[in-house]
Amino acid sequence: MDFLEEPIPGVGTYDDFNTIDWVREKSRDRDRHREITNRSKESTWALIHSVSDAFSGWLLMLLIGLLSGSLAGLIDISAHWMTDLKEGICTEGFWFNHEHCCWNSQQVTFEDRDKCPEWNSWSQLIINMDEGAFAYIVNYFMYVLWALLFAFLAVSLVKVFAPYACGSGIPEIKTILSGFIIRGYLGKWTLIIKTITLVLAVSSGLSLGKEGPLVHVACCCGNILCHCFNKYRENEAKRREVLSAAAAAGVSVAFGAPIGGVLFSLEEVSYYFPLKTLWRSFFAALVAAFTLRSINPFGNSRLVLFYVEFHTPWHLFELVPFILLGIFGGLWGALFIRTNIAWCRKRKTTQLGKYPVIEVLIVTAITAILAFPNEYTRMSTSELISELFNDCGLLDSSKLCDYKNLSNTSKSGELPDRPAGAGVSSAMWQLALTLILKIVITIFTFGMKIPSGLFIPSMAVGAIAGRLLGVGMEQLAYHHRDWTIFNSWCSQGADCITPGLYAMVGAAACLGGVTRMTVSLVVIMFELTGGLEYIVPLMAAAMTSKWVADALGREGIYDAHIRLNGYPFLEAKEEFAHKTLAMDVMKPRRNDPLLTVLTQDSMTVEDVETIISETTYSGFPVVVSRESQRLVGFVLRRDLIISIENARKEQDGVVSTSIIYFTEHSPPVPPYTAPTLKLRNILDLSPFTVTDLTPMEIVVDIFRKLGLRQCLVTHNGRLLGIITKKDVLKHIAQMANQDPDSILFN
Amino acid sequence: MPSLCWGLLRLGSVLGVSCLALSSLVQLTAAAKNFEDVRCKCICPPYKDNPGHIYNKNISQKDCDCLHVVDPMPVLGPDVEAYCLRCECKYEERSSVTIKVTIIIYLSILGLLLLYMVYLTLVEPILKRRLFGHSQLIQSEDDIGDHQPFANAHDVLARSRSRPNVLNKVEYAQQRWKLQVQEQRKSVFDRHVVLS
């Protein structure tokens, strides 16, 4: 009896924490596409269906862009409001943050631009005083209290509703995009909780950013919207194309940099990036950026908080301090990665990991208590960065712009270099303390059980270092104008050194040192500033920091976290340089029992079920007979289980003594014996094989380029063993003198 | 054929929802231009005897310059031009409606989640214990066994059959979700296998 042309539900899906079979998914998609194209010639209805199928990819990108942009707008507006909630509240309407509360006020003075009567700090509301020691203490206390409350809410929501919402998300998304399955990681509860708790975590004053979590949020949107389209819901390979594009949209709304977002997705996050995905990612990133711009979270239709507009030129001798900043960035990156991984390993293995809530509360308390006295740590990190990037004009009132105005300039545009006033000197001390605090506390913050990103803290560290160096250079140029290097470029009254540019270059250097981004970093930074003039300094700093950091440690922060967690991620960028052969890696090894195989026509249902329950292999090769060991195909464990269960329930007569046939035609069943079970449709008839003398370089290359899960090893045409992806990873780890047992999962 | 119909229905509904979202977004941004949400801000530094001052006026972009906004003018006659040259005027726009709606949406979602969290952690165990008694509570927790590899297969097959009762469906979905979250919690917090 020939039965069941339509597939049993569940066959072809994957278990949790398993790797997908790229080859099978891609060939399934090609089959589906071929079928639709062939059918489209039959009727107009089928033609419409084929057109809508082609169009569905673009519609999906549009929806992803819209949803990501809206969520990013929600996160930005809420984070701004809640950050200011720690300091006070607006009496005009509680939903306004400090800046918007004083927007329409007529009582803002030139000296004190932050104060207006509509905005009341907590000391004003509670004890009706604004100045004095008691008011300061009340403000301090309320600040710490709000910070602790936000952090507690964040970690409780994560623990109760969606434990996968913690951390940055980029290492796990990298692994998912390389073919791994983590069910629930990109689900709707993770999306909701990540959005809500990201705002809480950022507002609590902790040293973390929201760019990495925004990538996770965008990928969740992508995954959820895939369920609306048949083409993407059923095929895991096509879905990963969509996720690559969604990651690009995520970075695009985080920085306001669509091209940088696409390049980030290409360089850091994606594993396979065909050209079709490039165009679609760009479209998704643009739509997301446009949606965010129309929501207008910052006013003035700007996309990002630190959009700078200066275009002052830089001078050739300034390359020396820029390269110094690059070296600083590389050193800091290597130090951060090493210490953060050590701390995360401690959290993973010792008692520290058993108290996540208390850990978050303690770190928040320390951060809040140390941050309040210094005004540069009290303000949110994004505001700090935007202030550091700012070039001082005549009308700026911040402490960093408190220069002595010696000459009588009438224009408020180009200002010459001026000597530092008292404000600038005290700002330098405060910034130095901020730098030390941020360097130390970020090590303990990244990796806690709340959504935490890394981009903004790294940029802050770099921006502070850059600004300190820039102000130093500026004062050096002003006071020693007769030195030869300054003489040729910096004449009297010229605007020679721009400390804001140094801050930008420093931010790029530190970010590059930690994440080891190259092209995407430079493009993001120059999309942030809009100045093509600054590409050379940015590139110089980024290259120097990458070289210095690579000399001290091989991996970026995300690869280091992947290795710490033991995800089965086959690194695509490194060469395998050892001379081992396939037979050194394959299983079974010399003293192990023989390979567990199924025969094509002589096993009963009971035999197969015994093998399944006794072993944990995720697949079995099928051979003609045990004596000949000639290969027929490969069958997956999950498909076998589902098919046998289904057959026992649906088909009559299939019992434990029924024989399973993997052949094309089963022999006629003699009377009074149990009917047979034909399972040819779940058999993969084209498994990949290599001979036992194939060098491992070629085997690793095959695994990378084709995305295989397993590869069979033959000797003189007979099946000898199997190499799985996990074996390859363990072998690479062993060759690199790392612990091969740290690779978990299948 | 029925799968094709379902696919088209789904596509149509998605298109409809996206059009609705887009139109509401456009309306929101258009309606946001009420009078108080545009302003011209002029910052004027100290000049001669006058201290520095900041002037705000709700005025359109073409009128955003020193002469229209600085009112009353602190200097007279020929000094006005020198004073105005130092001033920096910028046109700014915002949408207070968007801000208000966003914050209220956020706070309501946060409030709902907090209520649900309180219900799940505190109220539900008390209710269950009162309704079903202590023994049945333990039994229902034991049922959540790890019968790998067949557990997932059961799950997959069960999903394909339809359960007619709506309340049963909701209860079943909630149970399944709680199981998933418990598994996730074990992986992340206890075994430290993922996301350490």
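Model, not experiment: these values are computed from the prediction.

(A) Main features of the UniProt feature "transmembrane region" (unreviewed entry) in chain B. Annotation from UniProt places "transmembrane region" (unreviewed entry) at residues 103-122 of chain B. For the annotated span residues 103-122 of chain B, helix accounts for 100% and strand for 0% of the residues, and the straight-line distance between the end C-alpha atoms is 28 Å.

(B) Main features of the domain arrangement of chain A. When its domains are assigned, chain A resolves into domain 1 (64-295), domain 2 (316-404 + 417-565) and domain 3 (582-736). When each unit is reduced to the centre of its C-alpha atoms, the spacing between domain 1 of chain A and domain 3 of chain A is 46 Å.

(C) Molecular detail of the packing of helix H5 (residues 133-161) of chain A against helix H4 (residues 96-132) of chain B. Remark: H5 of chain A packs on H4 of chain B, axes separated minimally by 11 Å, with the N-to-C direction vectors making an angle of 60°. On the basis of the axis angle, H5 of chain A is oblique to H4 of chain B. The crossing of H5 of chain A and H4 of chain B is left-handed. Contact residues: Leu153, Ser156, Leu157, Val160 and Phe161 of chain A in H5 of chain A; Leu110, Leu113, Leu114, Tyr116, Met117, Leu120 and Thr121 of chain B in H4 of chain B. The residue makeup of the contact of H5 of chain A with H4 of chain B, split by class, is ten nonpolar, two polar and no charged.

(D) Structural detail: the state of the cysteines. Residues and elements named next belong to chain A. Here the structure, examined in full by the defined rule, presents seven disulfides over all chains. Here Cys102 is linked by a disulfide to Cys116, with a sulfur-sulfur distance of 2.0 Å. On the sign convention where negative means left-handed, the S-S torsion of about -75° between Cys102 and Cys116 marks this disulfide as left-handed. Remark: Cys116 occurs in the loop between helix H3 (98-101) and strand S2 (119-121) and Cys102 occurs in the loop between H3 and S2; sequence separation between them is 14 residues. The class for Cys102 is buried, based on a relative accessible area of 10%. Across chain B, the way the bonded cysteines pair up, counted in sequence order, is 1-4, 2-8, 3-7, 5-6. Cys344 takes part in no disulfide bond, and the closest cysteine sulfur to it belongs to Cys166, at a distance of 11 Å.

(E) Spotlight on the packing of helix H8 (residues 211-226) of chain A against helix H10 (residues 236-255) of chain A. Residues and elements named next belong to chain A. Their axes nearest at 7 Å, the elements H8 and H10 cross at an angle of 140°. Between H8 and H10, the angle falls in the class oblique. As H8 runs across H10, the sense of the crossing is right-handed. Contacts from Glu211, Leu214, Val215, Ala218, Cys219, Gly222, Asn223 and Cys226 in H8 reach Arg239, Val242, Leu243, Ala246, Ala247, Gly250, Val251, Ala254 and Phe255 in H10.

(F) How the structure looks around helix H23 (residues 557-565) of chain A. Residue and element names in this part refer to chain A. For H23, the tally of buried residues reaches eight of nine residues, placing the bulk of the element in the interior. Residues of H23 that are buried include every one of Ile557, Tyr558, Asp559, Ala560, His561, Ile562, Leu564 and Asn565, and no others. At the exit of H23 stands Gly566, carrying a positive phi of roughly 75°.

(G) Broad picture of unusual backbone geometry. All names here are of chain A. The omega angle of the peptide bond from Lys587 to Pro588 is 0°, so this bond is cis rather than trans. Turning to its location among the elements, Pro588 is positioned in the loop between helix H24 (582-585) and strand S3 (598-599). You will see that Arg516, though not glycine, has its phi angle at about 60°, which is positive. By the secondary structure assignment, Arg516 is in the loop between helix H20 (499-515) and helix H21 (519-529). Accessibility expressed as a relative area gives 8% for Arg516, which makes it buried.

About the criteria used
Throughout this description, residue numbers start from 1 for each chain and increase along the sequence as written. Chains and ligands are labelled by the order in which they are written, letters from A for the one and numbers from 1 for the other. Selection of residues for local features in this predicted model requires a pLDDT of at least 70, selection of side-chain atom pairs for listing and counting requires 80 or more, and totals for whole chains, interfaces and linings are taken over all residues. Values shown for side chains rest on all heavy atoms present in the structure; no hydrogens or waters enter the calculation. UniProt positions are given in the numbering used here, feature names are shortened, and annotations may be inferred rather than shown by experiment. Each helix corresponds to a stretch of at least 4 residues labelled H or I by DSSP, and each strand to a stretch of at least 2 residues labelled E; elements are numbered beginning at the N terminus. For each domain, the first and last residues come from an automatic or database assignment. Angles here are taken between N-to-C directions and fall from 0 to 180 degrees, while the axes themselves are lines fitted to C-alpha atoms, restricted in helices to the stretch in contact. For classification, angles of less than 35 degrees are called roughly parallel, those exceeding 145 degrees roughly antiparallel, those between 65 and 115 degrees roughly perpendicular, and all remaining angles oblique. In this scheme the crossing of two helices becomes right-handed for a clockwise turn of the near helix relative to the far one and left-handed for an anticlockwise turn of less than a right angle. What makes two residues a contact is simply this: any of their non-hydrogen atoms within 4.5 Å. All amino acids are sorted into three groups, where Ala, Val, Leu, Ile, Met, Phe, Trp, Tyr, Cys and Pro are nonpolar, Asp, Glu, Lys and Arg are charged, and the leftover types, Gly among them, are polar. Note that a disulfide, as used here, is simply two cysteine sulfur atoms within 2.5 Å. Per-residue accessibility, obtained with a 1.4 Å probe over protein chains only, is compared with the maximum for each type, and a residue is labelled buried under 20%, exposed over 50%, and partly exposed between these values.

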